Amino acid sequence: MRRTALAALCIAAAATAGLTGCQPGQDKADGGTNATGTSRESGTPAAKKEPFAGLSGGEIADRATKATTGASSLRMKGDIPDDESGATIRLDVLLNKKGECAGTIGMGGKGKADLIKTGDLVYMKFDEAFLREQSEGESKADTDAAVAMLAGKWTKSKATGADAKEFEGFCDLGAVLDGAEDTNSDASRGKAATVDGASAITLHEKDGKERYTLYVATEGKPYLLRIDSTAGADQGSVTFSDFDEPVPTQKPTGEILDLDALGG
């Protein structure tokens, strides 16, 4: 698996499609309401301020990018087409700018692998379906042996190892977001929406034959909550959540197979 699969939606939609950094989207300096949402002067309920009033779609996208790229960590979840294999990567990973991550990765709807990266170690646990999918082309005896040895068991290897490096691109938030500030957006405003219960505004962006719908939070910081690639070669959807939450990088409990030692 190559990081180009992530680039298709996470970088292309954030950078090529034109999200750039500017200012946070919620104006905390209006001074007009208190914590209960009532006017300080009259005590009557304050009218709800229209999110991003007077801003163009591009300006909203700019603010979303600054907020999102400024997060120290986030959860990335979605189904992403992989250019190399032709399969779809199913991703649900919390990652940070330290290169740490924890979550699950699946390929083509056939099984999954649990993943934890902390420091220079990568821990992974594969289910049988994932191992058989990844062993395509190997002999039945070799595949059965790999399943018997690895399925359902935690493994560890150095992050610099060949096998671990396949998954490294899913763990470095800085690399995923790299370049997202480098372009200007001409996104158009769309309708209000919700993403997993959070209020959002939709933005529509295009780049050649590619078409994207972006969902930006309208409450709190204007984080990018979701990207849909709706036309072009790499169609799929990714959601973002759990901004600035700690990544659970604790070492797995129980027996752990050392893949580097086995390979040596």
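Residues numbered from 1 in each chain as written. Predicted model: local features only at pLDDT ≥ 70, side-chain atom pairs only at ≥ 80, totals over all residues. Heavy atoms only, no water.

**Q** Could you clarify how one ought to interpret the overall build of the protein in this entry?
**A** Within the protein, the secondary structure is distributed over 7 helices and 12 strands. Residues counted as buried form 44% of the 264 residues belonging to the protein. Restricting to contacts in the protein with at least 6 residues of sequence separation, those with at least 24 account for 55%. Of the roughly 13400 Å² that the protein leaves accessible, carbon and sulfur atoms contribute 49%. (Helix = DSSP H or I, 4+ residues; strand = E, 2+ residues; numbered from the N terminus. Buried < 20%, exposed > 50% of the residue type's maximum accessible area, 1.4 Å probe, protein only. Contact = heavy atoms within 4.5 Å. Areas by Shrake-Rupley, 256 points an atom, 1.4 Å probe, with all protein chains shown as cover.)

**Q** Where do I start with helix 4 (residues 140-150) in this structure?
**A** Side chains of residues three or four places apart in an α-helix project in the same direction, reflecting 3.6 residues per turn. Within helix 4, the full set of buried residues consists of Thr143, Ala146, Val147 and Leu150. End-on view of helix 4: buried residues confined to an arc of 100°, all on one side of the axis. Across helix 4 from its buried face, at more than 90 degrees, point the exposed residues Ala141 and Ala148. Glycine 152 sits one or two positions beyond helix 4 and adopts a positive phi of about 75°. (Arc of directions from axis to C-beta.)

**Q** Just checking my understanding: could you explain the state of the cysteines for this structure?
**A** Structurally, a disulfide amounts to a covalent bond that connects the sulfur atoms of two cysteines. Taken as a whole, this structure holds 1 disulfide when the rule is applied. Disulfide pairing is shown between cysteine 101 and cysteine 171; the S-S distance is 2.0 Å. You can see cysteine 101 sitting in strand 3 (residues 101-107) and its partner cysteine 171 sitting in the loop between helix 5 (162-168) and helix 6 (173-177), a full 70 residues away along the chain. According to the relative accessible area criterion, cysteine 101 is buried, its value standing at 0%. (Disulfide = S-S within 2.5 Å.)

**Q** In this structure, what is going on with the packing of aromatic side chains? I would like to understand it.
**A** The relation between two aromatic rings is expressed through the spacing of the ring centres and the mutual angle of the planes. Scanning the model with the defined rule gives 2 aromatic pairs in all. Taking the centre distance of 3.8 Å and the plane angle of 5° together, the rings of tyrosine 223 and phenylalanine 243 count as stacked. Residue tyrosine 223 is located in the loop between strand 9 (210-217) and strand 10 (224-231), and its partner phenylalanine 243 is located in the loop between strand 11 (236-241) and strand 12 (256-258); the two are separated by 20 residues in the primary sequence. The class of phenylalanine 243 is buried, set by a relative accessible area of 14%. (Phe/Tyr/Trp six-rings, centres within 6.5 Å; stacked < 30°, edge-to-face > 60°.)

**Q** Would you mind showing me how to read the nonpolar core here?
**A** Of all hydrophobic cores here, the largest spans 51 residues; its most connected members are Met76, Leu95, Val216 and Phe240. Among the elements that take part in this core, strand 9 stands out by supplying 5 residues, more than any other. One finds Ile116, Tyr123, Trp154 and Val247 within the second-largest nonpolar core, a separate group that totals 7 residues. (Core = buried A, V, L, I, M, F, W, Y, C linked by side-chain atoms within 4.5 Å.)

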